[in-house]
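Results of the structural survey
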Amino acid sequence: QVQLVESGGGLAQPGGSLRLSCAASGRIFTIHSMDWYRQAPGKQRELVAGFTTGSRLMFADSVKGRFTVSRDNAKNTVYHEMNSLKPEDTAVYYCHVQARTADSVIGDYWGQGTQVTVSS
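A brief look at the structure comes next.

Reading the values: rules and limits
Residues numbered from 1 in each chain as written. Predicted model: local features only at pLDDT ≥ 70, side-chain atom pairs only at ≥ 80, totals over all residues. Heavy atoms only, no water. Disulfide = S-S within 2.5 Å. Helix = DSSP H or I, 4+ residues; strand = E, 2+ residues; numbered from the N terminus. Contact = heavy atoms within 4.5 Å. Pairing = 2+ DSSP bridges. Axes fitted to C-alpha atoms, helices over the stretch in contact; angles between N-to-C directions. Core = buried A, V, L, I, M, F, W, Y, C linked by side-chain atoms within 4.5 Å. Buried < 20%, exposed > 50% of the residue type's maximum accessible area, 1.4 Å probe, protein only. Phe/Tyr/Trp six-rings, centres within 6.5 Å; stacked < 30°, edge-to-face > 60°. Lys NZ or Arg CZ within 6 Å of the ring centre and 35° of its normal. Lys, Arg positive; Asp, Glu negative; His and termini not counted. Salt bridge = Lys/Arg side-chain N within 4 Å of Asp/Glu carboxyl O. Polar contact = N/O pair within 3.5 Å; in protein donor to acceptor, adjacent residues only side chain to side chain.

Quick look at the state of the cysteines now. Within the structure shown, the criterion is met by 1 disulfide. The residue that forms a disulfide with Cys22 is Cys95, at a sulfur-sulfur distance of 2.0 Å. With the S-S dihedral at roughly -80°, the linkage between Cys22 and Cys95 falls on the left-handed side. Note that Cys22 is positioned in strand 3 (residues 18-26) and Cys95 in strand 9 (residues 91-101), a separation of 73 residues in sequence.

Another aspect to go through is the side chain of Thr101. Mapped onto the secondary structure, Thr101 falls in strand 9. Setting aside anything within four residues of it in sequence, one finds Thr101 in contact with Gln1, Val2, Arg27, Ile28, Phe29 and Tyr109.

Moving on: the sheet that holds strand 7 (residues 67-72). One open sheet holds the 4 strands; their spatial order is 1-3-8-7, and the pairing between them is antiparallel. Every other strand in the sheet has two partners, leaving strand 1 (2-8) and strand 7 as the edge strands with one partner each. The mean inter-strand angle of the sheet, taken between neighbouring strand axes irrespective of direction, is 15°. In the sheet, strand 3 pairs with strand 8 (residues 77-82) via 6 bridges, with the strands oriented antiparallel. Opposite Arg19, over in strand 8, you have Glu81 as the bridge partner.

Core analysis: the largest hydrophobic core is formed by 30 residues, its most contacted members being Leu4, Val78, Met82 and Tyr93. Elements that contribute at least two residues to this core include exactly strand 1, strand 3, strand 4 (28-39), strand 5 (46-52), strand 7, strand 8, strand 9 and strand 11 (114-118). Looking at which element gives the most residues to this core, the answer is strand 9, with 5 residues. Aside from chain neighbours lying at most four places away, what touches Leu4 is Cys22, Ala23, Ala24, Cys95, His96, Val97, Tyr109, Trp110, Gly111 and Gln112.

Evaluated as defined, the whole model comprises 1 aromatic pair. On the numbers, 5.0 Å between centres and 65° between planes, the contact of Tyr37 with Trp110 is edge-to-face. One end of the pair, Tyr37, is in strand 4; the other, Trp110, is in strand 10 (residues 106-110), and 73 residues separate them in sequence. You can call Trp110 partly exposed: its relative accessible area is 38%. Over the face of the ring belonging to Tyr94 we find Arg45, whose NZ or CZ atom lies 3.8 Å from the ring centre.

Its location among the elements puts Glu6 in strand 1. Arg45 is the oppositely charged side chain nearest to the buried, salt-bridge-free Glu6, at an N-O distance of 8.0 Å. Side-chain polar atoms of Glu6 contact the backbone nitrogen of Thr114, separated by 3.3 Å. If we ignore the near neighbours within four places in the chain, the residues touching Glu6 are Ser21, Cys22, Trp36, Tyr93, Tyr94, Cys95, Gly111, Gln112, Gly113 and Thr114.

Given below as structure tokens:
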């Protein structure tokens with residue numbers, strides 16, 4: 001099994017910044033992707049940014065130029081720096097990992113979710 005622990009988030013003013021982190025642990029053999037999704041009230045969960053399969057870095061059009069993602073492979077941790085925040089960035093942010101475990105099972109794992117609120 002793989003466990004994900006998220007940290008960061010909270011309240012920011014428009015134009016402000018927040019940083020999220022997600023640490024993966026457990027019987028991990030390889031990590032195929034580490035990325036961030038978000039879900040705003042009444043909306044579907046959407047992919048925001050991250051390292052997709054093959055370690056390709058991607059960003060949703062709505063966050064390009066404002067959000068960055070970095071990764072520490074030694075710690076199985078992904079960081080999400082959110083700058084120039086807008087009220088429409090308000091959502092619960094979820095870390096997602098697709099990994100192969102030590103017993104060769106490939107699965108999708110989710111963090112517990114962390115609230116990001118952008119408001120003046």
